[in-house]
Amino acid sequence: AQSVTQLDSQVPVFEEAPVELRCNYSSSVSVYLFWYVQYPNQGLQLLLKYLSGSTLVESINGFEAEFNKSQTSFHLRKPSVHISDTAEYFCAVSPWRGGLIFGTGTRLQVFP
Amino acid sequence: SQTIHQWPATLVQPVGSPLSLECTVEGTSNPNLYWYRQAAGRGLQLLFYSVGIGQISSEVPQNLSASRPQDRQFILSSKKLLLSDSGFYLCAEQTTRETEAFFGQGTRLTVV
């Protein structure tokens, strides 16, 4: 069975500092990996995804994630965060039936 | 792109009352539809998915049911709500396991 673990429930960071949100997955088959972002009282929006090919994937707003098969990880990084990045971030895998299996989420709090 | 409509946005219901949450989809035909629940302090859990009219699969046993009366309509129901049914309910569409999932804005249900 597939599963996702996000070890950090909350990550506080100052504005313009770098950040890493950790995600580890478990799967016995090929995986499709996603990061979604949720702003307060809203639905989720796709941030980036890994399907195949280059192990480093980037989003349009400066986030990047690297697929590491040997460590079964898909950590999300940003070299310099903004106040507007404050949100909850979910890592997810897509099982064979479709839909998504989510981690428990990481709340990123950016302070001025 | 797809647009997912959910209503109501917020709902306060007494224990033992019935529930009906509606989700409609625009911008695609024969969508694969999903209901997720986000409980306080927890990640998103897949409740039901549907690949077509009248076709419902349940991921976890619970006090809820789902129906797909029309191609672009997905309904989440309960005959008698429990306190544990409180949470944030999200409807989503995802064409294939490789593609982006599109989410509605969610319904925050509080059972009192």
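Residues numbered from 1 in each chain as written. Chains lettered and ligands numbered in written order. Predicted model: local features only at pLDDT ≥ 70, side-chain atom pairs only at ≥ 80, totals over all residues. Heavy atoms only, no water.

Some points on the confidence of the model for chain B
Interpretation of the predicted coordinates at a detailed level should be avoided for regions scoring low in pLDDT. Confidence in the prediction for chain B averages 92 pLDDT; 99% of positions are at 70 or higher. Taken element by element, the predicted model of chain B shows its lowest mean pLDDT in strand S10 (residues 102-103) of chain B (92) and its highest in strand S8 (residues 73-78) of chain B (97). (pLDDT = per-residue confidence, 0-100. Helix = DSSP H or I, 4+ residues; strand = E, 2+ residues; numbered from the N terminus.)

Here we look at the interface of chain A and chain B
As a measure of interface size, the accessible area lost when the parts come together is often cited. With 25 residues of chain A at the interface, the matching set in chain B holds 21 residues. Counting the surface lost from both chain A and chain B, the interface buries some 1800 Å², and carbon and sulfur atoms represent 50% of this. In this assembly, chain A and chain B are joined by zero salt bridges. Linking chain A to chain B there are nine residue pairs in polar contact (both at pLDDT 80 or more). Sorting the residues of the side of chain A that touches chain B by element identifies strand S5 (33-38), strand S6 (44-50) and strand S10 (87-93) of chain A as the ones contributing at least two each. (Contact = heavy atoms within 4.5 Å. Buried area = accessible area lost by both parts, 1.4 Å probe. Salt bridge = Lys/Arg side-chain N within 4 Å of Asp/Glu carboxyl O. Polar contact = N/O pair within 3.5 Å; in protein donor to acceptor, adjacent residues only side chain to side chain.)

Considering the state of the cysteines
Residue and element names in this part refer to chain A. For the structure shown, the criterion picks out two disulfides over all chains. One disulfide bridge connects Cys23 with Cys91, the sulfur atoms lying 1.9 Å from each other. Note on the Cys23 and Cys91 pair: the S-S dihedral is about -65°, so by sign convention the disulfide is left-handed. A residue pair is termed long-range when its members are at least 10 positions apart, and Cys23 in the loop between strand S3 (19-21) and strand S4 (24-26) and Cys91 in strand S10 qualify at 68 residues. What makes Cys23 buried here is its relative accessible area of 0%. (Disulfide = S-S within 2.5 Å. Buried < 20%, exposed > 50% of the residue type's maximum accessible area, 1.4 Å probe, protein only.)

Let's talk about the pattern of salt bridges
Counted under the stated rule, the structure contains six salt bridges over all chains. Here Asp8 of chain A makes a salt bridge to Arg22 of chain A, at a shortest N to O gap of 2.9 Å. Of this pair, Asp8 of chain A sits in the loop between strand S1 (3-5) and strand S2 (10-14) while Arg22 of chain A sits in the loop between S3 and S4, and the two are 14 residues apart along the sequence. Accessibility expressed as a relative area gives 19% for Asp8 of chain A, which makes it buried. A relative accessible area of 31% places Arg22 of chain A in the partly exposed class. With a closest N to O distance of 3.5 Å, Asp71 of chain B and Arg68 of chain B form a salt bridge.

Considering the sheet that holds S8 of chain B
Residues and elements named next belong to chain B. The four strands lie next to each other as S1-S3-S8-S7, forming an open sheet whose pairing is antiparallel. Strands with a single pairing partner mark the edges of an open sheet, and in this sheet they are strand S1 (3-7) and strand S7 (65-70). Each strand of the sheet is rotated relative to its neighbour by a mean of 20°, with strand direction disregarded. Bridging between S1 and strand S3 (residues 19-26) involves five bridges; their strand directions are antiparallel. From the neighbouring strand, Trp7 faces S3, where its bridge partner is Glu22. (Pairing = 2+ DSSP bridges. Axes fitted to C-alpha atoms, helices over the stretch in contact; angles between N-to-C directions.)

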